[in-house]
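Okay, here's what each chain looks like letter by letter:
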Amino acid sequence: MKKIAFIGLGNMGFPMAANLVRAGYEVGVYDLSADAVSRLASEGARAGRSPLDAADGADAVITMLPNGKIVCDLYLGPEGLIHALQDRPLLIDCSTIAPETARTVAAEAAAAGFSMLDAPVSGGPPRAAEGTLSFMVGGSGEALDAARPVLEKMGRFVFHAGGNGAGQAAKICNNMLAAVAMAGTAEVMELGVRNGLDPAVLSAIIQKSSGNNFVLERWNPWPGVLPEAPASKGYAPGFQLALMLKDLGLALDNARANGASVPMGALAQSLYALRSKEDGAGASDFSCIQTLYSRGA
Ligand code: NAD
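Computed from a predicted structure; not experimentally measured.

## Focus: the pattern of salt bridges
A side chain of one charge can pair with a side chain of the opposite charge if their charged atoms are brought near each other. A complete count under the given rule lists ten salt bridges for this structure. The network of salt bridges with shared partners includes Arg46, Arg49 and Asp53.

## Brief notes about helix α10 (residues 199–207)
For α10, the complete set of buried residues consists of Pro199, Leu202, Ser203 and Ile206. Buried residues along α10 cover an arc of 100 degrees about the axis, so they all sit on one side. Against α9 (166–194) and α11 (214–218) lie the buried residues of α10. The N-terminus of α10 is capped by aspartate 198, whose side-chain oxygen sits 2.7 Å from the backbone nitrogen of alanine 200.

## Some words on the nonpolar core
With 37 residues, the main nonpolar core has Phe6, Met16, Ile92 and Phe135 as its most contacted residues. Secondary structure elements with two or more residues in this core: β1 (3–7), α1 (13–22), β2 (26–30), α2 (34–41), β4 (60–63), β5 (90–93), β8 (133–138) and α8 (141–151). Top contributing element to this core by residue count: α1, with six residues. What phenylalanine 135 contacts, discounting residues up to four positions off in sequence, is Met16, Cys94, Ala119, Pro120, Val121, Leu151, Met154, Gly155, Phe157, Val158 and Phe159. Within the second largest apolar cluster, 26 residues are counted, among which are Ala183, Phe239, Ala251 and Tyr272.

## Side note on the packing of helix α4 (residues 68–76) against helix α6 (residues 99–111)
At their nearest, the axes of α4 and α6 sit 10 Å apart, and the two run at 0 degrees to each other. In terms of their interaxial angle, α4 and α6 are classed as roughly parallel. Between α4 and α6, the contacting residues are Gly68, Cys72, Tyr75 and Leu76 on the first element and Thr101, Val105 and Glu108 on the second. Looking at the contact of α4 with α6 residue by residue, the classes come out as four nonpolar, two polar and one charged.

## Observations concerning the site of the ligand
Around the ligand sit 23 residues in total, of which Asn11, Met12, Asp31, Leu65 and Lys246 are the nearest. A distance of 2.9 Å is found between an oxygen atom of the ligand and a backbone nitrogen or oxygen belonging to methionine 12. Contact with the protein chains removes 84% of the 840 Å² of surface that the ligand exposes when unbound.

## Some thoughts on the pairing of strand β9 (residues 155–162)
Pairing of β8 with β9, which is carried by six bridges, proceeds in the parallel orientation. Within β9, the residue paired with glycine 138 across the bridge is glycine 162. As for the winding sense of the linkage, the β-α-β connection from β8 through α8 to β9 is right-handed.

## Describing the packing of aromatic side chains
A ring pair, where both rings are aromatic, is described by two values, the distance of the centres and the angle of the planes. Counted by the stated rule, this structure contains four aromatic pairs. Relative to phenylalanine 286, the ring of tyrosine 272 has its centre 6.3 Å away and its plane inclined at 35 degrees; by these criteria the two rings are tilted. Linking tyrosine 272 in helix α13 (residues 263–276) with phenylalanine 286 in the loop between α13 and α14 (290–294), this pair joins segments that are 14 residues apart in sequence. For tyrosine 272, a relative accessible area of 0% corresponds to the buried category. Phenylalanine 286 gets classed as buried once you look at its relative accessible area, which sits at 2%.

## Here we look at the UniProt feature "active site" (unreviewed entry) in the protein
Per the UniProt entry, the sites bearing "active site" (unreviewed entry) are Lys171 in this numbering. Its place among the elements puts lysine 171 in helix α9. Once residues within four sequence positions are removed from consideration, lysine 171 is found in contact with Thr96, Pro120, Val121, Ser122, Met136 and Asp247.

## Describing α9
Between its terminal C-alpha atoms α9 stretches 42 Å, which fits the 42 Å expected from 29 residues at 1.5 Å a residue. Glycine 196 lies just past α9 and shows a positive phi near 85 degrees.

## Examining unusual backbone geometry
Cis geometry is adopted by the peptide bond preceding glycine 238, which originates at proline 237 and carries an omega value of 5 degrees. Along the polypeptide, glycine 238 turns up in the loop between α11 and α12 (241–258). Here tyrosine 235, not a glycine, exhibits a phi torsion of approximately 60 degrees, which is positive. Tracing the chain through its elements places tyrosine 235 in the loop between α11 and α12. Tyrosine 235 sits in the buried class, given a relative accessible area of 10%.

Reading the values: the criteria
Residues numbered from 1 in each chain as written. Predicted model: local features only at pLDDT ≥ 70, side-chain atom pairs only at ≥ 80, totals over all residues. Heavy atoms only, no water. Salt bridge = Lys/Arg side-chain N within 4 Å of Asp/Glu carboxyl O. Buried < 20%, exposed > 50% of the residue type's maximum accessible area, 1.4 Å probe, protein only. Helix = DSSP H or I, 4+ residues; strand = E, 2+ residues; numbered from the N terminus. Arc of directions from axis to C-beta. Contact = heavy atoms within 4.5 Å. Polar contact = N/O pair within 3.5 Å; in protein donor to acceptor, adjacent residues only side chain to side chain. Core = buried A, V, L, I, M, F, W, Y, C linked by side-chain atoms within 4.5 Å. Axes fitted to C-alpha atoms, helices over the stretch in contact; angles between N-to-C directions. Parallel < 35°, antiparallel > 145°, perpendicular 65-115°, else oblique. Nonpolar A, V, L, I, M, F, W, Y, C, P; charged D, E, K, R; others polar. Near = heavy atom within 4 Å. Areas by Shrake-Rupley, 256 points an atom, 1.4 Å probe, with all protein chains shown as cover. Pairing = 2+ DSSP bridges. Right-handed = clockwise from strand over helix to strand, strands pointing away. Phe/Tyr/Trp six-rings, centres within 6.5 Å; stacked < 30°, edge-to-face > 60°. UniProt positions renumbered as here; feature names shortened; annotations may be inferred. Expected span 1.5 Å × (residues − 1).

So this is what it looks like as structure tokens:
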């Protein structure tokens, strides 16, 4: 694979596409934001005038878009890529969308002769910039074999989760657990501080004890414990609370459809929704859930 189209150049897509340019791929790009397109063109990408123009002659099309409706419109709409493209590039959607939507898009793409992968990612903009994302991939092993060298230019870990939609299922499971772990960690930090414990000492103790978890180690919600964590930078994202709420919504819808019981996920969703009602909180890092406990809510 030499020619890649990249559509959706936001906080995640821009650095991912830039890594492909740096890796030597010919990258055609498109975004509704002309500014994002021209900034990436100045780094060596070819500016597309439309999704179709960006995808012209591409071996693979990668999308990194806000939600499932936009993904469906782009691929399946009346002027969607599966109808408009003359060639049959591999389609790779890295957006976070519902597993059932991913399966629908992949099935319609397959009916039109395309192979498609869902390949959502974990890791925010900093890991996108470093090229150290985790990809959770749904689709055929053959399609993943073809995509792997490209994905490895943007990520450190590439997991094959299963068939179409399985990558998205893994993604919503991961993010629901991250949401629960963050809320639980914030709760415990507040309890410890109210007992007179130093939050850094408490964190060091738990990190070597049975309560250790990823957010405690890398995303500590108490300001000042980890100098590089969003909590120490006024809760600047990081991973926006609004995006976590979107992902919890996908997880809860999916749980309902599958008859799975997710009371911890539902409680986490309520807590983050409560926090997001405050001014500007949706744009803050999701670790700002800490302040809900600090006020004794
Ligand atoms: P973003 O809002 O920063 O970027 C989305 C981009 O898509 C924007 O530049 C927008 O102009 C563009 N866009 C929207 N509709 C379009 C269309 N029809 N055609 C072309 N471009 C279009 O969002 P983001 O943070 O980059 O997230 C993208 C996806 O990645 C989402 O699904 C999100 O849930 C997921 N994700 C985000 C993070 C994160 O930390 N930001 C982490 C993991 C996964």
